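# Chain and residue survey
The chain contents come next:
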Amino acid sequence: MALQALTLGPLPLPLPTARRRLRVLAVAADYTPPPTSSSPEPANSPSRLLRELAERKKAVSPKKKHPPRRFILKPPLDDERLTQRFLNSPQLSLKALPLLSSCLPPAPLSAADRTWMDEYLLEAKQALGYPLAPSETLGDGDDCPARHFDVLLYLAFQHLDPSCERTRTRHVRNGHSRLWFLGQYVLELAFCEFFLQRYPRESPGPMRERVFALIGKRVLPKWIKAASLQNLVFPYDDLDRMIRKDREPPAKAVFWALFGAIYLCFGMPEVYRVLFEAFGMDPEDESCQPKLRRQLEDVDYVSVEFEKRQLTWLDVAAYRPPPDALFAHPRLFRACVPPGMHRFRGNIWDFDNRPKVINTLGYPLPMNDRIAEITEARNIELGLGLQLCFLHPSKHKFDHPRFCFERLEYVGQKIQDLVMAERLLMKHLDAPGRWLAEKHRRLLMNKYCGRYLRDKHLHHYIIYGESVQDRFEHNRRLRNPSTTSVQQAIHGLAYCVNGKPDVRRLMFEVFDFEQVQPKAV
């Protein structure tokens, strides 16, 4: 039996069957069975609150953080589409009016834009005192600026409204912002010229207060309502019930853009008409008077045309210089350079420093005067104006308040702002207004204006009072702001004597405000 047991074969084992594929349909993790109805939990039970919190955390999926839209790179347009876009752009349709064409929309107006113009443009024209006929019927040929007034007036009212698809389109949004970028500097220059001629003995400080009281952002909604334009700016809201942060930015953008459009199409006289006729501004109103301050006694003469009576806006708007005038803006020159400056003719500064300053600035400019005496008289007045530009208030202001560069500096600030704004608009055709405003601010910072004057070594010719001479010459924190003021006064004098082209020449050729010219090593 034992041998038989040893010779038995192996026990039969079951053969391996085919491997089954198990498919998991669902996985339950951290599953907590709901409480039975037999033992209900109270509403404020800690275990119930913890369980609901765990379920809520499981249900919320993590949000993906997408990059901002401005960082998403878009494929560039191919050559054909880019060429077509440029050819269809209204900005390239006018060769004789580069500034106006740069403010036209970068794409043709859509059907929605035309619908708004058909419905509301007549109301805007009637409120501003313009003929109701389409502007395309004015003048002869596309080179007439007034023919494009309808398009620019439409853009002026299209402030950015997040709920409106039409104002968010690129050509409307950029066109509107470029207009208000230009319009703010047009308004500043208009009021600067007006108040300098209206108040020939006043310093620029009270004038700035008058301008702020008339066109500060707090009062602009009042002017919008005075011209009955509130329904075009705020079609769905009551202007009187809106809070300030909702009311002021649209009113400011529309007001500025409106005067940008008027300036481009009709010029500065029309700006004055709309300000004082359509909006009804009153420079003698009690609300826009400057605060009382200690006034220095002004014993010096003013020009004869300012002695007889106080000029009104009609006198400023309708003024045309005579054909044989010495200057581009003779009355503005007389308002800034007092007649008594002739007492300084032939002094040491006039003999030693004036030829160096004139040589650095590229004066005298070539003129086509019929009479040689006119050229000589202009150069004499230009030399006296340059001496006034370098006359620091510490020298004579206490005894003779107008014998310093303050009034010319005020004009120079405003004209260099406008000239740089026009330059940027024509140079960057597709840039929105906010980008241009930031670029403008960075190019015209006060510290840069003074630096460009010092680079030309013109700061050595500034005339300080004897009591502060050493302090200003050896302390850059005192000297640098005064060099900025002299730089701006030179621009103001150039505008009064030779007009805006001379300011462009000084800014972009002599002082190189854009910093694009090669530097000497």
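Nothing here was measured: the structure is a model prediction, and the numbers come from that model.

### Some thoughts on helix α6 (residues 149-156)
Within α6, eight of the eight residues are buried, which leaves the element mostly enclosed by the surrounding structure. If you check which residues of α6 are buried, you get Phe 149, Asp 150, Val 151, Leu 152, Leu 153, Tyr 154, Leu 155 and Ala 156. Tucked into the core, α6 has its buried residues touching α4 (98-102), α5 (111-128), α7 (170-198) and α11 (244-266).

### Concerning the nonpolar core
One finds Phe 157, Phe 255, Phe 279, Met 281, Leu 361 and Phe 390 to be the most contacted residues of the largest nonpolar core, which totals 138 residues. Counting residues per element, this core draws most heavily on α7, at 15 residues. Residues within four places of Leu 361 in sequence aside, it is in contact with Leu 386, Leu 458, Ile 490, Arg 505, Leu 506, Val 510 and Phe 511.

### Description of the pattern of salt bridges
Within this structure, the stated rule accounts for 29 salt bridges. Between Arg 48 and Glu 52 there is a salt bridge, and its shortest N-O distance comes to 3.3 Å. Here Glu 52 and Arg 48 lie together in helix α2 (residues 46-59), a separation of four residues that amounts to about one turn. Since its relative accessible area comes to 34%, Glu 52 is described here as partly exposed. Where Arg 354 meets Asp 350, a salt bridge forms, and the shortest distance between an N and an O atom there is 2.6 Å. You can call Arg 354 partly exposed: its relative accessible area is 25%. Salt bridges linked by common partners bring Arg 201, Asp 298 and Arg 402 together as one network.

### Looking at helix α17 (residues 354-361)
Along α17, the residues that are buried comprise Val 357, Ile 358 and Leu 361. All buried residues of α17 fall inside an arc of 95 degrees around its axis, so they share one side. Close packing links the buried residues of α17 with α16 (348-352), α18 (372-389), α24 (476-498) and α25 (500-510). Of the residues flanking the end of α17, it is Gly 362, one or two places downstream, whose phi is positive at about 80 degrees.

### Some words on the layout of surface pockets
Its boundaries defined by the atoms lining it, the largest pocket holds a volume of some 940 Å³. Contributing to the lining of the largest pocket are 35 residues, with Gln 158, His 159, Leu 160, Asp 161 and Pro 250 lying nearest its centre. Secondary structure elements with two or more residues in the lining of the largest pocket: α5, α7, α10 (230-233), α11 and α21 (433-443). For the lining of the largest pocket, the leading source of residues is α11, giving seven residues. Here the residues of the lining of the largest pocket sort into 19 nonpolar, eight polar and eight charged.

### Some details on unusual backbone geometry
Along the chain, Tyr 363 connects to Pro 364 via a cis peptide bond; the corresponding omega equals -10 degrees. Mapped onto the elements of the fold, Pro 364 is located in the loop between α17 and α18. Phi is positive for Asp 512, which is not a glycine, with a value near 55 degrees. When you line up the elements, Asp 512 lands in the segment after α25. Exposure remark for Asp 512: the relative accessible area of 4% places this residue in the buried category. Look at Gln 515: it is not a glycine, yet its phi comes out positive at around 55 degrees. Since its relative accessible area comes to 39%, Gln 515 is described here as partly exposed.

### Details of empty space enclosed by the protein
It is a probe the size of a water molecule, rolled over the atoms, that shows where empty space is left. Here the structure, examined in full by the defined rule, presents one cavity of 30 Å³ or more. The volume enclosed by the largest cavity comes to roughly 60 Å³. Lining of the largest cavity is provided by Tyr 363, Pro 364, Leu 365, Met 367, Thr 375, Arg 378, Asn 379, Leu 382 and Asn 498. Looking at the lining of the largest cavity element by element, the count peaks at four residues for α18. The residue makeup of the lining of the largest cavity, split by class, is five nonpolar, three polar and one charged.

### Overview of the packing of helix α20 (residues 406-427) against α21
Relative to each other, α20 and α21 sit at 130 degrees, their axes nearing to 10 Å. Here α21 runs oblique to α20, going by the angle between their axes. Judged by the sense of rotation from one axis to the other, the crossing of α20 with α21 is right-handed. Counted together, Asp 417, Met 420, Ala 421, Leu 424 and Leu 425 of α20 and Leu 436, Lys 439, His 440 and Leu 443 of α21 form the full contact between these two elements. For the contact of α20 with α21, the class distribution of residues is six nonpolar, one polar and two charged.

### Some points on the environment of Gly 450
Secondary-structure assignment places Gly 450 in helix α22 (residues 446-455). With 32 residues separating them along the chain, Gly 450 and Ser 482 place their C-alpha atoms 7.8 Å apart. Leave out the neighbours within four places in its chain, and Gly 450 touches Thr 483 and Thr 484.

### Some remarks on the environment of Tyr 495
Note that Tyr 495 resides in helix α24. For the pair Tyr 495 and Gly 412, spaced 83 residues apart in sequence, the C-alpha separation works out to 7.7 Å. Within the structure, Tyr 495 has its side chain in polar contact with the side chain of Glu 193 (distance 2.7 Å).

### A short note on the side chain of Asp 113
Inspection of the secondary structure assignment puts Asp 113 in helix α5. Only 2.9 Å separates the side chain of Asp 113 from the backbone nitrogen of Ser 110, close enough to count as a polar contact. Once residues lying within four places of it in the same chain are set aside, the contact partners of Asp 113 are Tyr 154, Arg 166, His 171 and Val 172.

### Focus on the side chain of Glu 202
Position of Glu 202 relative to the elements: it lies in the loop between α7 and α8 (204-215). Separated by 2.9 Å, the side chains of Glu 202 and Arg 210 make a polar contact.

### Considering the packing of aromatic side chains
A full pass over the atoms with the stated rule returns 24 aromatic pairs. Ring geometry for Tyr 464 against Phe 472: centres 4.9 Å apart, planes inclined by 25 degrees, an arrangement best described as stacked. Judged by relative accessible area, which is 11%, Phe 472 ranks as buried. Taken together, the ring pairs connect Phe 191, Phe 194, Phe 195, Tyr 199, Tyr 272, Phe 276 and Trp 313 into an aromatic cluster. A cation over an aromatic ring shows up here: Arg 273 above the ring of Tyr 130, its NZ or CZ 5.2 Å from the ring centre.

About the cut-offs
- Residues numbered from 1 in each chain as written.
- Predicted model: local features only at pLDDT ≥ 70, side-chain atom pairs only at ≥ 80, totals over all residues.
- Heavy atoms only, no water.
- Buried < 20%, exposed > 50% of the residue type's maximum accessible area, 1.4 Å probe, protein only.
- Helix = DSSP H or I, 4+ residues; strand = E, 2+ residues; numbered from the N terminus.
- Contact = heavy atoms within 4.5 Å.
- Core = buried A, V, L, I, M, F, W, Y, C linked by side-chain atoms within 4.5 Å.
- Salt bridge = Lys/Arg side-chain N within 4 Å of Asp/Glu carboxyl O.
- Arc of directions from axis to C-beta.
- 1 Å grid on protein atoms, 1.4 Å probe; cavity = no way out; pocket = protein on both sides within 12 Å on 5 of 7 lines; lining within 4 Å.
- Points joined across faces, edges and corners; volume = space filled by probe spheres on them.
- Nonpolar A, V, L, I, M, F, W, Y, C, P; charged D, E, K, R; others polar.
- Axes fitted to C-alpha atoms, helices over the stretch in contact; angles between N-to-C directions.
- Parallel < 35°, antiparallel > 145°, perpendicular 65-115°, else oblique.
- Left-handed = near helix turned anticlockwise from the far one by under 90°.
- Polar contact = N/O pair within 3.5 Å; in protein donor to acceptor, adjacent residues only side chain to side chain.
- Phe/Tyr/Trp six-rings, centres within 6.5 Å; stacked < 30°, edge-to-face > 60°.
- Lys NZ or Arg CZ within 6 Å of the ring centre and 35° of its normal.

Shape descriptors only; they carry no functional weight alone.
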